[in-house]
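Coordinates in review
Each chain, letter by letter, is given below.
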Amino acid sequence: MTSSAKVLDGGWGWAIVAASFMAQFLAFGSPQSVGVLYPEWLHTYQEGKGMTAWVGSLVGGVGLIASPICSACVDNFGARPVTIFSGVMVAGGLMLSAFAPNVQFLIFSYGIVVGLGCGLVYAATLTITCQYFDERRGLALGIVTTGTSVGAFIYATAQTELIVLYGLDGCLLIIGAIALNLMACSGFMRPLNLPGYYLKQKAALERSTEEQLFVKPPFDDLKIAVGSATATPEKPLKELLITIDAKDLSIQTEKKEGSLGGLAIVKAIKKKQKAYSKYMQSLYEILQDQEMVAFCIAIFLFSLGAFPPVLFIEDVAQSEGLIEEVSVFPLVSIGAISTCIGKLALGILVDVKWINGIYLYAFTMFAGGLSLLLIPVTKTYVGLQILTAILGFFSGNWSLTSYITTKIVGLDRLTQAHGILMFFGGFGVMLGPPVVGWFFDWTQSYDLAFYFSGSCVLLGAFILFILSLPCWNRKPLDNDKPEVQYTCTCDKVASVA
């Protein structure tokens, strides 16, 4: 414990932060700027906007929905192997997308394969960062998570230029090749503690070593030991006892294999069922909290309404005739850098003692909803740039989710509660773009779609604000325990997103 505490909050930890930042930069750069690729896919495959929108929605939602599985992989195998595997998935998915014959194949290669790879990268980078930081954990996580926004800002412009120079297929091949550098980032992720898989292997190896001590020695060796003039009186006795214990052990094992083997299996199954039932009971207790339910609904509605502009904003500008082609400095880049600034600014604000984190989140939703409602009435490209910047800034509230979740359910249940939130958020991200695309296919206009999106976000803000008022007289929770007792416990924040 002392040795691990010495390496916290500095030293090699900053190398971990730099490697994790670059890993998120490389993995999320293309998915977060998928709005640049969306018009090209529409032109190439000639599918409806609703069907094509599934590509961008899945790449953003699959990783969130699968976050509990991704966190379990990191806990069992460690951040380094998971990052290596995710690099293969992200790079392979991007390169496969260059040869996609239709949108259905693109949904699999770009939406599912790249999406799962991004989910693994996110879980691995956050877990390894939490292992190396305690007092400065918030700062370290803030730096690491800005990698997604910086990646989106740079990749949006880079993909635009690559499409002009090499076409859509060449762009995806080059971006996929760059993503292979995720494997290089994994080399810096030196684990402080052995992951669960290696601990199990070590325990199994120790058990097998102990069992070898009870192997019956050859009869000739016993005979030599007994008849040897140099043998001590205790040595034959110890070997004889080992032989007897080995015989008894083998007899007992045979009996157990014959009559008690089935009971052992039943006992193991009951033990597993008990663990699962305990886990489900904990989830049920979390969902009994009124604030937690309100936050889940708010996350779902915000993801449903606020994510589509990331995918559609370039096509909105082109559909309205505001620009003839994708701009050299796309709207996606403006939204990405604004989100990066918003994450840092809102993270600083939520640490102010007199500011309530839940009400701050509700305010960001309210401002983001108003921005969405103003998009249909904006008829200039400058107006779209301003609204994109405002919406991007308040979309930085995603960095507040772990902070608010801890205040609601406590640090003990942060991992489970955050997994629930990510499921609701991922579900909203998956549904949002196809719904907006279907609205366009139905009305041939984005106006009704963005009115729907803005209304969803405003409804979520209203529900979160009303259900979080102190007048409901909720039962006080024991959430104010000092965080010192969880020093260097990465499992509590492994799935923070």
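Residues numbered from 1 in each chain as written. Predicted model: local features only at pLDDT ≥ 70, side-chain atom pairs only at ≥ 80, totals over all residues. Heavy atoms only, no water.

**Looking at the overall build of the protein chain**
A tally of regular secondary structure across the protein chain gives 20 helices and zero strands. Counting over 497 residues, the protein chain shows a buried share of 49%. (Helix = DSSP H or I, 4+ residues; strand = E, 2+ residues; numbered from the N terminus. Buried < 20%, exposed > 50% of the residue type's maximum accessible area, 1.4 Å probe, protein only.)

**Topic: helix 7 (residues 103-132)**
In a regular helix each residue adds 1.5 Å, so 30 residues correspond to 44 Å; helix 7 covers 42 Å between its end C-alpha atoms and thus fits that length. Along helix 7, 25 of the 30 residues are buried, which leaves the element largely enclosed by surrounding structure. Taking the backbone nitrogen of Q104 as reference, a side-chain oxygen 3.3 Å away marks N102 as the first, capping residue of helix 7. (Expected span 1.5 Å × (residues − 1). Polar contact = N/O pair within 3.5 Å; in protein donor to acceptor, adjacent residues only side chain to side chain.)

**Observations concerning helix 2 (residues 12-32)**
For helix 2, spanning 21 residues, the distance from its first C-alpha to its last is 29 Å, which sits close to the expected 30 Å at 1.5 Å a residue. The sharpest bend along helix 2 measures roughly 30 degrees and falls at L26. (Bend = angle between axes of the 7 residues up to and from the residue.)

**Digging into a nonpolar patch on the surface**
Taken together, the side chains of L374, V377, W442, L448 and Y451 present a nonpolar region at the surface, about 530 Å² in accessible area. W442 gets classed as exposed once you look at its relative accessible area, which sits at 64%. (Patch = residues over 30% accessible without salt bridge, like charges linked within 9 Å, V, L, I, M, F, W, Y side chains within 5 Å. Areas by Shrake-Rupley, 256 points an atom, 1.4 Å probe, with all protein chains shown as cover. Salt bridge = Lys/Arg side-chain N within 4 Å of Asp/Glu carboxyl O.)

**Overview of the packing of aromatic side chains**
By the definition in use, this model includes 18 aromatic pairs. Both rings, one in F25 and one in Y155, keep their centres 5.6 Å apart while their planes meet at 75 degrees; by these two values the pair is edge-to-face. Linking F25 in helix 2 with Y155 in helix 8 (residues 137-179), this pair joins segments that are 130 residues apart in sequence. No difference in accessibility class separates F25 from Y155, as the two residues are buried. Ring geometry for F393 against F394: centres 5.3 Å apart, planes inclined by 85 degrees, an arrangement best described as edge-to-face. (Phe/Tyr/Trp six-rings, centres within 6.5 Å; stacked < 30°, edge-to-face > 60°.)

**Brief notes about the nonpolar core**
Ranked by size, the top nonpolar core spans 117 residues in total, and within it W41, Y110 and Y361 carry the most contacts. Ranked by the residues each element gives to this core, the list is headed by helix 7, at 16 residues. Those residues in contact with Y361 that lie beyond four places of it in its chain are F295, I299, F302, N397, L400, T401, I404 and L464. (Core = buried A, V, L, I, M, F, W, Y, C linked by side-chain atoms within 4.5 Å. Contact = heavy atoms within 4.5 Å.)

**Observations regarding the packing of helix 4 (residues 49-65) against helix 7**
With their axes 7 Å apart at the nearest point, helix 4 and helix 7 run at an angle of 15 degrees to one another. Of the possible angle classes, the one that applies to helix 4 and helix 7 is roughly parallel. Considering the relative orientation of helix 4 and helix 7, their crossing is right-handed. Taking contact as the criterion, the partners of M51, T52, W54, V55, L58, V59, V62 and G63 in helix 4 are, on helix 7, V103, Q104, L106, I107, Y110, G111, I112, V114, G115, L116 and G119. Residues of the contact of helix 4 with helix 7, tallied by class, amount to 13 nonpolar, six polar and no charged. (Axes fitted to C-alpha atoms, helices over the stretch in contact; angles between N-to-C directions. Parallel < 35°, antiparallel > 145°, perpendicular 65-115°, else oblique. Left-handed = near helix turned anticlockwise from the far one by under 90°. Nonpolar A, V, L, I, M, F, W, Y, C, P; charged D, E, K, R; others polar.)

**Focus on the environment of L469**
The topology assignment puts L469 in the segment after helix 20 (447-467). We classify L469 as partly exposed; its relative accessible area is 23%. Along the sequence, L469 and I358 sit 111 residues apart, while their C-alpha atoms lie 9.9 Å from each other.

**Re the environment of F462**
Examined against the element boundaries, F462 turns out to sit in helix 20. For the pair F462 and A362, spaced 100 residues apart in the sequence, the C-alpha separation amounts to 7.4 Å.

**Topic: the packing of helix 15 (residues 331-350) against helix 16 (residues 357-374)**
Helix packing geometry: the angle between the two helix axes and the distance between the axes. Helix 16 packs onto helix 15 with a crossing angle of 150 degrees between their chain directions and a minimal axis gap of 10 Å. Judged by the twist between their axes, the crossing of helix 15 over helix 16 is right-handed. Mapping the contact onto sequence places L346, L349 and V350 in helix 15 and G357, L360 and T364 in helix 16. Its residues assigned to classes, the contact of helix 15 with helix 16 shows four nonpolar, two polar and no charged.

**Regarding the confidence of the model for the protein chain**
Averaged over the protein chain, the pLDDT score is 77; the fraction of residues at 70 or greater is 75%. By mean pLDDT, helix 11 (residues 219-227) is the weakest element of the protein chain at 46, and helix 6 (residues 79-97) is the strongest at 93. Note on residues 221-258: pLDDT under 50 across the span, and 18 contacts to partners over four residues away in sequence or across chains. (pLDDT = per-residue confidence, 0-100.)

**Some details on unusual backbone geometry**
A positive phi is found at Q46, a non-glycine position, where the angle reads about 55 degrees. Tracing the chain through its elements places Q46 in the loop between helix 3 (34-45) and helix 4. Looking at Q46, the relative accessible area reads 60%, which means it is exposed. Despite not being glycine, Q444 has its phi angle at roughly 60 degrees, a positive value. Examined against the element boundaries, Q444 turns out to sit in the loop between helix 19 (414-443) and helix 20.

**So, the side chain of S338**
Inspection of the secondary structure assignment puts S338 in helix 15. Among the polar contacts listed, one links the side chain of S338 to the backbone oxygen of I334, at a separation of 2.8 Å. With residues near it in sequence (within four places) discarded, S338 still touches A389, G392 and F393.

**Some thoughts on the side chain of S30**
As for its placement among the helices and strands, S30 is situated in helix 2. Among residues more than four places away in sequence, those in contact with S30 are L37, L94, Y110, Y155, Q159 and I175.

**Here we look at the environment of E47**
Here E47 is to be found in the loop between helix 3 and helix 4. Note on E47: relative accessible area 33%, which makes it partly exposed. For the pair E47 and V103, spaced 56 residues apart in sequence, the C-alpha to C-alpha distance is 7.5 Å. Leave out the neighbours within four places in its chain, and E47 touches L42, T52, V103 and Q104.

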